[in-house]
Amino acid sequence: DTAVSQTPKYLVTQMGNDKSIKCEQNLGHDTMYWYKQDSKKFLKIMFSYNNKELIINETVPNRFSPKSPDKAHLNLHINSLELGDSAVYFCASSHRTGGGNTIYFGEGSWLTVV
Amino acid sequence: AQSVTQPDIHITVSEGASLELRCNYSYGATPYLFWYVQSPGQGLQLLLKYFSGDTLVQGIKGFEAEFKRSQSSFNLRKPSVHWSDAAEYFCAVGGNRDDKIIFGKGTRLHILP
């Protein structure tokens with residue numbers, strides 16, 4: 001059983017399109033995250049939700065909109081895709097918020113914008 | 001706010017040799033420290049973590065790390081590497097309840113046969 005699962009794993013799309021990545025965790029965690037990993041492997045947090053409430057919202061363009069229908073799901077919708085959005089997007093979860101909680105990652109969604 | 005530095009972008013060691021990956025952090029109080037490994041095409045997997053207590057932490061796959069407060073370091077070690085250890089390694093630091101976990105830029109480990 002996959003603890004944090006995200007779909008799709010690979011996504012190739014044209015500039016200007018709108019796309020979504022879905023994420024689900026079956027660990028019973030209260031907190032979920034979206035991280036972006038660029039081509040240089042730099043991993044940066046984008047959003048964090050705790051019990052469906054937005055906790056962290058880094059300086060991410062408004063084109064990125066997370067949605068958490070319940071605490072086991074956190075989806076990421078991206079409008080008007082740009083070339084610079086090409087990256088690997090990781091969904092993750094932890095028991096609670098805060099720096100002392102182990103984060104569990106999904107396997108990533110490879111987004112390529114052409 | 002906390003920060004973390006991994007000074008080495010790439011490290012190459014021979015199979016069977018010992019390994020040490022460096023990690024330095026900045027945080028005003030006792031940090032929470034983590035090491036994660038990312039194999040090609042995969043997500044990040046937790047190797048080990050330090051919260052408090054014994055400063056030498058044992059992890060999975062034969063890895064260990066030592067927290068040295070005086071040097072603000074949390075270096076990862078393995079006495080004998082295997083070809084399957086080739087991967088990207090990330091050090092991460094977390095603060096108090098309201099702080100997020102910050103990741104270093106990673107160290108790519110290459111293994112020579």
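Preceding this section is the structure that the text describes.
What you see is a predicted model, and the numbers here were worked out from it, not measured in a lab. (Residues numbered from 1 in each chain as written. Chains lettered and ligands numbered in written order. Predicted model: local features only at pLDDT ≥ 70, side-chain atom pairs only at ≥ 80, totals over all residues. Heavy atoms only, no water.)

Trainee: So what's going on with the state of the cysteines? Which residues, and what values?
Mentor: For the structure on display, the rule yields two disulfides over all chains. The side chain of Cys23(A) participates in a disulfide bridge whose partner is Cys91(A); the two sulfur atoms lie 1.8 Å from each other. Given an S-S torsion of about -80°, the disulfide between Cys23(A) and Cys91(A) has left-handed geometry. Taken as a pair, Cys23(A) in strand E3 (residues 19-25) and Cys91(A) in strand E9 (residues 87-94) lie far apart in primary sequence, 68 residues in all. Taking relative accessible area as the criterion, Cys23(A) reaches 2% and is therefore assigned buried. By relative accessible area, which is 0% here, Cys91(A) ends up buried. The side chain of Cys23(B) participates in a disulfide bridge whose partner is Cys91(B); the two sulfur atoms lie 1.9 Å from each other. Negative torsions about the S-S bond denote left-handed disulfides, and the value of about -65° found for Cys23(B) with Cys91(B) makes this one left-handed. Taken together, the positions of Cys23(B) in the loop between strand E3 (19-21) and strand E4 (24-26) and Cys91(B) in strand E10 (residues 87-94) put the pair 68 residues apart, joining distant regions of the chain. (Disulfide = S-S within 2.5 Å. Helix = DSSP H or I, 4+ residues; strand = E, 2+ residues; numbered from the N terminus. Buried < 20%, exposed > 50% of the residue type's maximum accessible area, 1.4 Å probe, protein only.)

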